[in-house]
Amino acid sequence: MREEILSVGIDIGTSTTQLVFSKIIIENLASNFSIPRISIVDKKIIYRSEIYFTPLKSHREIDGEKIRELVEGEYLAAGIAPLDVKTGAVIITGETARKQNANDVLQKLSGLAGEFVVATAGPDLESIISARGAGSDKISEEEDATVINLDVGGGTTNIAVFKEGKLLDTGCLDIGGRLIKIDEASGKILYIAEKIKELIKLKNIPIEVGQKPSLEALNIVVDEMVKLLEESVNIREKSDFYEKILTNKGIRDDIEIEYITFSGGVADYVYNPNTKYLFKYGDIGILLGMAISKSNLCTKIKVRKSIETIRATVVGAGSHTTDISGSTITYTEDKFPIKNLPILKLSEEEENSGYENMVKVIKEKLMWFKLEKEFQPVAIAIKGKLNPSFKEVQILAKTLISGLEEILKEDFPTILIVENDIAKVLGQTLYRQLDFKKEVICIDTINVENGDYIDIGKPLANGRVVPVIIKTLIFNSKK
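Residues numbered from 1 in each chain as written. Predicted model: local features only at pLDDT ≥ 70, side-chain atom pairs only at ≥ 80, totals over all residues. Heavy atoms only, no water.

(A) Representation of helix α13 (residues 390-403). Across its 14 residues, α13 extends 20 Å between first and last C-alpha, which sits within 8% of the 20 Å expected from 1.5 Å per residue. All of the buried residues in α13 are V393, L396, A397, T399, L400, I401 and G403. Of the surrounding secondary structure, the elements contacted by the buried residues of α13 are α12 (355-366), β20 (379-382), β21 (414-418) and α14 (423-433). (Helix = DSSP H or I, 4+ residues; strand = E, 2+ residues; numbered from the N terminus. Expected span 1.5 Å × (residues − 1). Buried < 20%, exposed > 50% of the residue type's maximum accessible area, 1.4 Å probe, protein only. Contact = heavy atoms within 4.5 Å.)

Okay, structure coming up:
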């Protein structure tokens, strides 16, 4: 069996809105006598849209109608009908995700992208998506190294660190190229973001809205922003202002970086500084990129070229790999089908780090999936020990329950994805330790990663297995 799937990715960011179409080839790689195992065997971007400034009605509201018009226009230009698209992702990122009507915009795009993989990407999830789009995870895997990606966009800089191919940590700062907007004709400042106003006041820089600043003054602001980025990657001592500039959190202080990659719109001017049109986009993005290129970020850390820059996030259009769970699974109630469930994956090191640390890690990572003080449904993924003892299963179940304490209060089932074949005993143990008061779904022989989404279908084979679709955000990088 060989099949082509058409996928769309739509990224509505702080600065830009763009779209790509990808062709995904899937094939059953199992023998005729085995359970089907369908995997991606090829992937190719077949159409890249124009890059548009994200249309806004105001600083607080996205223009949903204009965005839909842009997207529909690109469908026509590509010669693709919405019904041709089997899957995709609509991703609202950066400052745009905080706009008042972000969810309304998603609704207006309904029907243009099939099943949404991501609705509103929080800063941690956006960091993972953009870093994979840049190919940072592949570099870290191939080089057995610790690689950090800075996705420098219009409103935020998203940070993700990979060690030997595995996600190590994420962070996000309110630093970006459109936090100061400038009228290209008059040279006057049209807008300054609140946190940058605080920074300007703290450093006594002569800049304010309505006035024409000197290039020297703008460069002082940009240099201060770059210093904060240096602090964020642990090559400069943290200043008092560092905590204020964080969107949500920074990376751990003990992480030592070997390589750095850049993505986002500003990245093009890190890799290719250009002084000809400094205010081409009506903001400080070019100045910021040039300042980064001359900073300690590029002299104290080895710079690697990213695969994608401004398109790193949008290239992550949703692709599907389909699998079948193991035949020893637990589900206490038929809640299927379940669609678009994000994955929270623990590393083997985290799984084996002891009760207290594992509980701490789960609680911290759950915050990736908390938007506007509410948790999203999420599937916890672990490798699990092969052939564990009864006592080890009991301890693992207790640890998971402690780590999931906050999300257990929500009105959706507890879902676990286990790589090794222990789902039945682990799921039943969890259900018992939860006093049979919380629905549990536990499936195994499935390998997923952070940044993946999963669909779980109706049980098959008399309820012994479930069909699974793993939605991996695909990227134009080497396998």
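(B) Examining the nonpolar core more closely. Residues I196 and I292 are the most contacted members of the largest nonpolar core, which totals 52 residues. Element by element, the count of residues in this core is highest for helix α6 (residues 215-232), at 8 residues. Excluding anything up to four places from it in sequence, I196 contacts D174, L179, I180, V221, M225 and I245. (Core = buried A, V, L, I, M, F, W, Y, C linked by side-chain atoms within 4.5 Å.)

(C) Representation of helix α1 (residues 64-78) in the model. Between its first and last C-alpha, α1 extends 21 Å over 15 residues, near the 21 Å set by a 1.5 Å rise per residue. Buried residues of α1: G64, I67, V71, E74 and Y75, and no others. All buried residues of α1 lie within an arc of 105° about the axis, which places them on one face of the element. α1 presents E69, L76 and A77 as exposed residues on the side facing more than 90 degrees away from its buried surface. G79 lies just past α1 and shows a positive phi near 70°. (Arc of directions from axis to C-beta.)

(D) Representation of the pairing of β21 in the model. The element β21 is largely enclosed, with a buried count of 5 among its 5 residues. Taking every second residue as pointing to the same face, both faces of β21 are buried, with T414, L416 and V418 on one and I415 and I417 on the other. The sheet contact formed by β20 and β21 spans 4 bridges and is parallel. When the sheet's bridge partners are listed, A379 is paired in β21 with I415. Note on the crossover from β20 through α13 to β21: the handedness is right-handed. (Pairing = 2+ DSSP bridges. Right-handed = clockwise from strand over helix to strand, strands pointing away.)

(E) Structural context of unusual backbone geometry. Non-glycine residue N234 carries a positive phi angle of around 70°. Positive phi, normally seen in glycine, also occurs at F436, with a value near 60°. F436 gets classed as exposed once you look at its relative accessible area, which sits at 52%.

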